[in-house]
Amino acid sequence: MSTTSVTDPPRTDDRAKPRRPHRRVSPQARARRRREAVAGWLFLLPDALGLLVFVGLPMVLAFVVALYKVDGFGGYTFAGLDNYRTMLHDTQFWSSLKVTGIYVVATVPLTFAVGLGLALLVRDRFPGVGWVRSAFFLPNVISLVVVGLIWQFLLVDKRGAAARLLEPLGLGNLSFLGSPKLALGTYVVISVWFLMGYVMLVFLAGLQDIPRELEDAALVDGAGRWQRFTNVTWPLLRPTSFFVLVWTTVGSVTGLQAFDLVFVLTKGGPANATSTVVFYIYEQAFTFSNLGYASAMTTLVVLLLVLATGVMFATTRGGRFDEE
Amino acid sequence: MRSERRRVRLQPLVAHLLALVVVAPMVWVVITIFKPQCEIFTSVLPTSWTLDNLAYVMTKIPLPRYLLNSAVVSVVVTVVALFTHSMAAYSLARLRYPGRGIAFSFIISTLLVSLPVILVPLFLVVKQLGLLDSYAGLIVPSIFNAFGIFLLRQFYLTVPRELEEAAALDGCGYWRRYWNVILPLSRPALASLAVLFFLANWNAFLWPLTITRDPDLRVIQLGLASLQGQYASAYGYILAAAVIAAVPTVAVFAAGQRRLVDAMKTAGLK
């Protein structure tokens, strides 16, 4: 477990503790410590600076820009909470939040279940297990743009492969990307196809840490497959499950799939049925140049996301193991 | 007991079948790009296999240029990122100095920040730095990534200190210890990160879309999206370009797939 904890192992911690200042320290030791500090910061500097400028600063800036109206020429006027007031009456914003909400509620459990199922399926070795694992992961390797193009082609109305396959069932006329009722569901299914391989790998890594003996012991005790899963595997998999849950939720709201796939598949249509909140924010920012308004919406989404992950953390106690 | 044994034998069969279903869309598309335009929706296998679609996108469309742009950006980002991340990780895992804890907390706090969340302010920062519509704008902001630092730090915590102390006794300074001892030891972790970084940057779409207008700077994913607009229903061309764009990612994955699982274990994502 030591490699998995965020904090240092105790040994390093002891060493990191600064000695009492009034105790006599030899000049050599002090010079050595200063050299170490200088080296430490120099090694850290490029990345620390880069993260500060290209991640930290934008995080703070989002909240500042949200208070301004920015025009197309880069002129800023302070607007106080105007952007947030606009949001209240922006029906398209609320409908995009709803789209994202439905998308999350559908995608997260589906990806979780499919990913876990696949991991259990390919956990044990059998002839060709390597190819099977790779096959499940392959959709995650190609870009979201390519994923979008592939599915757009397969789902072409009437002539596409999907329509041909469904024709015998009398479903050949369905327009998977063209009808407002089906488009969001289609987008969910494609997302699961894309994400499941990654989730499978995370679960595989988690499963490898569960001692086989525990399950074998349960087997000897006469536990069936399902009993072994619910009583041994599932409880021991809690930290992994928690990670997957948080990761897929955050990813479904603000991950790249919330933008790239929508852009390629539907551009938010039909009738805004697939306009996720991230996609709508992008449109406001870069099609209509409302950078301030877009920032304000982003801050609200981040707030909601922090709340959601907080609730998950509280209800699952951070995925920690049950106390005995 | 009998049903138990039967299910055990059934499992590989189910797995293989499912794997076929999952890759079927990709296989179908790869077959399609060898069909003449008129057969794309009519036949299962082409009556006569043709390279016309591939030839068209490689000669009539600046696809080679897009591929080159993506290759330059992905390779530069990957190499520079591995370098700076391993330095930062070495510092965080092995050296003691005031401010280390705070620096580490800050880095961890950026772990869950994804591009869409900071897109607008990041755009403004990059604009202010005069990097819009440039290779530097594509490359520099993509380098910095907390996940890489975190993964390498976890790895360095497991490297025995004795190795480094031996080098210190030989009079090696911190740079030599990092360069001659730590870096060679971290080859497996670096390799798995290289796979992840290359894939992420080759597949990047949103950031290039946001900051580049110049057609000469188009990366491959942008090129694909522009083809989609231009050749709305000429699926032979669009898919041929898409397959070409996917080949390097599949190749890199095939070469480094074993490392990917290792990377996730090292990172302790659980």
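Cut-offs used in this document
- Residues numbered from 1 in each chain as written.
- Chains lettered and ligands numbered in written order.
- Predicted model: local features only at pLDDT ≥ 70, side-chain atom pairs only at ≥ 80, totals over all residues.
- Heavy atoms only, no water.
- Helix = DSSP H or I, 4+ residues; strand = E, 2+ residues; numbered from the N terminus.
- Rg over C-alpha atoms; globule rule 2.2 N^0.38 Å.
- Buried < 20%, exposed > 50% of the residue type's maximum accessible area, 1.4 Å probe, protein only.
- Contact = heavy atoms within 4.5 Å.
- Lys, Arg positive; Asp, Glu negative; His and termini not counted.
- Charge placed at Lys NZ, Arg CZ, Asp CG, Glu CD.
- Salt bridge = Lys/Arg side-chain N within 4 Å of Asp/Glu carboxyl O.
- Buried area = accessible area lost by both parts, 1.4 Å probe.
- Phe/Tyr/Trp six-rings, centres within 6.5 Å; stacked < 30°, edge-to-face > 60°.
- Lys NZ or Arg CZ within 6 Å of the ring centre and 35° of its normal.
- Patch = residues over 30% accessible without salt bridge, like charges linked within 9 Å, V, L, I, M, F, W, Y side chains within 5 Å.
- Areas by Shrake-Rupley, 256 points an atom, 1.4 Å probe, with all protein chains shown as cover.
- Core = buried A, V, L, I, M, F, W, Y, C linked by side-chain atoms within 4.5 Å.

Let us look at the overall build of chain B. Within chain B, the regular secondary structure consists of 13 helices and 0 strands. The N-to-C order of helical and strand elements in chain B reads α-α-α-α-α-α-α-α-α-α-α-α-α. For chain B, the C-alpha radius of gyration of 23 Å lies well beyond 18 Å, the compact-globule estimate for 270 residues. When each of the 270 residues of chain B is scored for burial, the buried share is 55%. Considering only intrachain contacts with a sequence separation of at least 6, the fraction spanning at least 24 residues in chain B is 71%. Each charge sign in chain B was given a centre, from 23 positive and 11 negative side chains, and these centres are 9 Å apart.

In this section: the pattern of salt bridges. Going through the model one piece at a time under the given rule, you end up with 5 salt bridges over all chains. Here R212 of chain A makes a salt bridge to D124 of chain A, at a shortest N to O gap of 2.8 Å. Within this pair, whereas R212 of chain A is found in helix α9 (residues 212-220), its partner D124 of chain A is found in the loop between α4 (91-121) and α5 (129-141), the two being separated by 88 residues in sequence. Look at D124 of chain A and you get partly exposed, because its relative accessible area is 35%. In this structure, the salt-bridge partner of R177 of chain B is E164 of chain B, at a minimum N-O distance of 3.5 Å. In this pair, R177 of chain B sits in helix α9 (residues 174-185) while E164 of chain B sits in helix α8 (residues 161-169), placing the two residues 13 residues apart along the sequence. Judged by its relative accessible area of 15%, R177 of chain B is buried. Residue E164 of chain B is classed as buried on the basis of its relative accessible area of 6%.

Once that is clear, we can look at the interface of chain B and chain A. Chain B puts 102 residues into the contact, and the matching count from chain A is 100 residues. Surface buried jointly by chain B and chain A totals about 8900 Å² across both partners, of which 73% is contributed by carbon and sulfur atoms. The interface formed by chain B and chain A includes 1 salt bridge. When the shortest N-O distance is used, the salt bridge between E36 of chain A and R96 of chain B registers 3.3 Å.

Before going further, it helps to examine unusual backbone geometry. Most peptide bonds adopt trans geometry, and most residues besides glycine take a negative phi value. A cis amide bond links G269 of chain A to the next residue, P270 of chain A, at an omega of -15°. Considering the arrangement of structural elements, one finds P270 of chain A in the loop between α12 (260-265) and α13 (277-287). Of note in this structure, S289 of chain A is not a glycine but carries a positive phi near 55°. Tracing the backbone through its elements, the reader meets S289 of chain A in the loop between α13 and α14 (291-316). On the basis of relative accessible area, S289 of chain A is assigned to the partly exposed category, the value being 29%. Residues other than glycine seldom take positive phi values, yet D133 of chain B does so here, at roughly 55°. According to the relative accessible area criterion, D133 of chain B is partly exposed, its value standing at 31%.

Time to look at the packing of aromatic side chains. Evaluation of the coordinates by the stated rule reveals 39 aromatic pairs over all chains. Residues F229 of chain A and W234 of chain A carry aromatic rings whose centres are separated by 6.1 Å and whose planes lie at 40° to one another, so their mutual orientation is tilted. The exposure class assigned to F229 of chain A is buried, which follows from its relative accessible area of 17%. A relative accessible area of 35% places W234 of chain A in the partly exposed class. Judged by centre distance (6.1 Å) and plane angle (85°), the ring pair of Y56 of chain B and Y231 of chain B falls under edge-to-face. Here Y56 of chain B, found in helix α2 (residues 52-59), pairs with Y231 of chain B, found in the loop between α12 (220-230) and α13 (235-267); they are 175 residues apart in sequence, far enough to count as distant. For Y56 of chain B, a relative accessible area of 23% translates into the label partly exposed. Put simply, the rings of F259, F263, F279, Y282 and F286 of chain A together with F123 and F205 of chain B pair up and form one aromatic cluster. For K35 of chain B, the ring lying beneath its charged end belongs to W28 of chain B, and the centroid distance is 4.5 Å. In this structure, R153 of chain B packs its charged tip against the face of F104 of chain B, placed 4.0 Å from the ring centre.

For the rest of this paragraph, the subject is a nonpolar patch on the surface. Judged by side-chain polarity, W131 of chain A together with L10, L13, V14, L17, L18 and L20 of chain B come together as a nonpolar surface patch covering roughly 640 Å² of accessible area. The dominant element in the nonpolar patch, judged by the number of residues it contributes, is helix α1 (residues 2-32) of chain B, at 6 residues. Structurally, the position occupied by W131 of chain A is in helix α5. Residue classification places W131 of chain A among the partly exposed residues on the basis of a relative accessible area of 38%.

Turning next to α13 of chain A. Counting buried residues in α13 of chain A gives 9 out of 11 residues, a clear majority hidden from the surface. For α13 of chain A, the set of buried residues is V277, V278, F279, Y280, I281, Y282, Q284, A285 and F286 of chain A. Of the surrounding secondary structure, the elements contacted by the buried residues of α13 of chain A are α4, α11 (238-254), α12 and α14 of chain A together with α5 (115-128) and α11 (206-211) of chain B. Where α13 of chain A terminates, the next one or two residues include S289 of chain A, which has phi positive at roughly 55°.

Quick look at the nonpolar core now. Counting residues in hydrophobic clusters, the biggest one holds 184 residues, and the most contacted among them are W151 and F259 of chain A together with Y156 of chain B. If one sorts the elements of this core by residue count, helix α8 (residues 180-208) of chain A sits on top with 17 residues. Aside from chain neighbours lying at most four places away, what touches Y156 of chain B is S86, A89, Y90, A93, R94, I182, L183 and S186 of chain B.

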